[in-house]
Amino acid sequence: MTTATTPAHQAWMTDERKAFVEAIRDFCKRELGTREQREAATQGYKEAHSHEIYAKLAELGWLGASIDESYGGSGGSIVDACLFLEETSRGMVPMAGFPVSLIVAGAYERFGTEDQKAEILGGICNGRVEAIAMSEPEAGSDVGSLKCKAEKSNGGYVLNGQKTWISAAHIADHILVVARTGSEASKHEGITMFSVPTDTEGLEVRGIETMGGKEVNDVYLTDVYVPEERILGQVDGGWMQLMAGLNVERLITAATVLGLGQRAFDDALAFIKERKQFGRPIGSFQTLRHRIADLATELEVARLLVYDVALKTEAAPDQMLPREASMVKLKATEVAKKVALEGMQMMGGYGYSCEYDMERLVRMTLVSTIYAGTSEIQREIISKTYGL
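Draft legend 1. A look at the overall build of the chain. Secondary structure assignment for the chain yields 13 helices and ten strands. In summary, the chain has a C-alpha radius of gyration of 21 Å against a globular reference of 21 Å for 388 residues, a match within 12%. For the chain, the residues scored as buried account for 53% of the 388 residues in total. In the chain, 72% of the contacts between residues at least 6 apart in sequence involve partners at least 24 apart. Surface exposure of the chain reaches about 17,500 Å², of which carbon and sulfur atoms provide 52%. Put simply, the chain has 41 plus and 55 minus side-chain charges, and the middle of one group is 8 Å from the middle of the other.

Draft legend 2. The arrangement of the state of the cysteines in detail. For the structure on display, the rule yields zero disulfides. No disulfide involves C28; its sulfur sits 16 Å from that of C82, the nearest cysteine. Residue C28 is classed as buried on the basis of its relative accessible area of 6%. Cysteine C125 is unpaired, with the sulfur of C82 as its nearest cysteine sulfur at 17 Å.

Draft legend 3. Expanded view of the packing of aromatic side chains. Using the criterion set out here, one finds eleven aromatic pairs in the structure. Consider the rings of F271 and Y356, whose centres lie 6.0 Å apart with planes at 90°: the pair is edge-to-face. Of this pair, F271 sits in helix 8 (residues 246–274) while Y356 is found in the loop between helix 11 (349–352) and helix 12 (358–366), placing the two residues 85 residues apart along the sequence. According to the relative accessible area criterion, Y356 is partly exposed, its value standing at 29%. With 6.4 Å between their ring centres and 85° between their planes, F278 and F285 make a pair best called edge-to-face. Judged by its relative accessible area of 78%, F278 falls in the exposed class. Look at F285 and you get partly exposed, because its relative accessible area is 24%. Among the aromatic side chains, those forming a connected cluster through ring pairs are F20, F27, W62, F84 and F98. A cation over an aromatic ring shows up here: R323 above the ring of Y386, its NZ or CZ 3.8 Å from the ring centre.

Draft legend 4. Representation of the pattern of salt bridges within the structure. Counting across every chain of the model gives 28 salt bridges. Here R263 makes a salt bridge to D357, at a shortest N to O gap of 3.5 Å. In this pair, R263 is assigned in helix 8 and D357 in the loop between helix 11 and helix 12, connecting sequence segments 94 residues apart. Of the residues examined, R263 reaches a relative accessible area of 13% and is grouped as buried. Looking at D357, the relative accessible area reads 6%, which means it is buried.

Thresholds, definitions, all that
- Residues numbered from 1 in each chain as written.
- Predicted model: local features only at pLDDT ≥ 70, side-chain atom pairs only at ≥ 80, totals over all residues.
- Heavy atoms only, no water.
- Helix = DSSP H or I, 4+ residues; strand = E, 2+ residues; numbered from the N terminus.
- Rg over C-alpha atoms; globule rule 2.2 N^0.38 Å.
- Buried < 20%, exposed > 50% of the residue type's maximum accessible area, 1.4 Å probe, protein only.
- Contact = heavy atoms within 4.5 Å.
- Areas by Shrake-Rupley, 256 points an atom, 1.4 Å probe, with all protein chains shown as cover.
- Lys, Arg positive; Asp, Glu negative; His and termini not counted.
- Charge placed at Lys NZ, Arg CZ, Asp CG, Glu CD.
- Disulfide = S-S within 2.5 Å.
- Phe/Tyr/Trp six-rings, centres within 6.5 Å; stacked < 30°, edge-to-face > 60°.
- Lys NZ or Arg CZ within 6 Å of the ring centre and 35° of its normal.
- Salt bridge = Lys/Arg side-chain N within 4 Å of Asp/Glu carboxyl O.

That is the geometry; function is a separate question.
What follows is the structure in structure tokens.
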């Protein structure tokens, strides 16, 4: 096994975390170690989330690895969450509802009331899925231009509007809807977060067909009434609440795709060791040996960046790291995409065949440079931190 796939030597790997990683790998091998198991768990690769597998993860207590013990979690940190995300992605665990649930958990941990925390954080630990709705048809990278409206009514608010590209909304218990409550001069003011149960009258979720299966949705809100107690944090303070969660959101994305990139590397390496052409394994040709060396180096660089930012976030949870958080999201997603595409190229037609996982890894990594802030947006943020 290569150094890159065994992070036990790294500074963040305590004995407890090493055991945690090994336990996750054992679970993945037992539950999803064969193509037949992975196909069955995803209903022929049409579903990105398996409720059965997810329930087993909840029973093991792993979904609450970074959630406080008072809400049913294990009391770990973002480092533990990153390890879990990396290893489950590497093991191709169909749990698309978890990364977004973890992003939502961070918002409730920072701004929720005790009742809200008990409901949402406790639910996540027990295997329930949460979603967050920011993007709209005319507000993607420019989230501040959102138009979904929330107006005061009968001791609460009535929401009207459309959200789009909402991950896991079709399997979520609640959607954290970001809506406009004010009409201030600045587009970043007058924004509020609302915790809306998905069975609320007037809320409709419609799936969007993608090449990745059932992942994202349109969410329509038509006269959706939300009582005041379902406001998360401060009225009109939603933008700063969103900004406060960017470190964790980008780390979650980076750790998830790091695992996908590592899986693509593992599969490509195994293939070129076995595949023979011209009388010898194709991995013995210098062009592929050097390609593997470059990809392994890039993955290790991405991994070091992921856990460096995770350790900084663990040490100072309230400190905003705009440069580092954008760097880690940019680097991890671009590297994972590169590894998967190179893996497909090294495997030739087999990499394009549905018989192997590589074509799915390509699809999963391609979109990672778009969601949770495109690579272009990350580069803009990074350049601004240098005064440009």
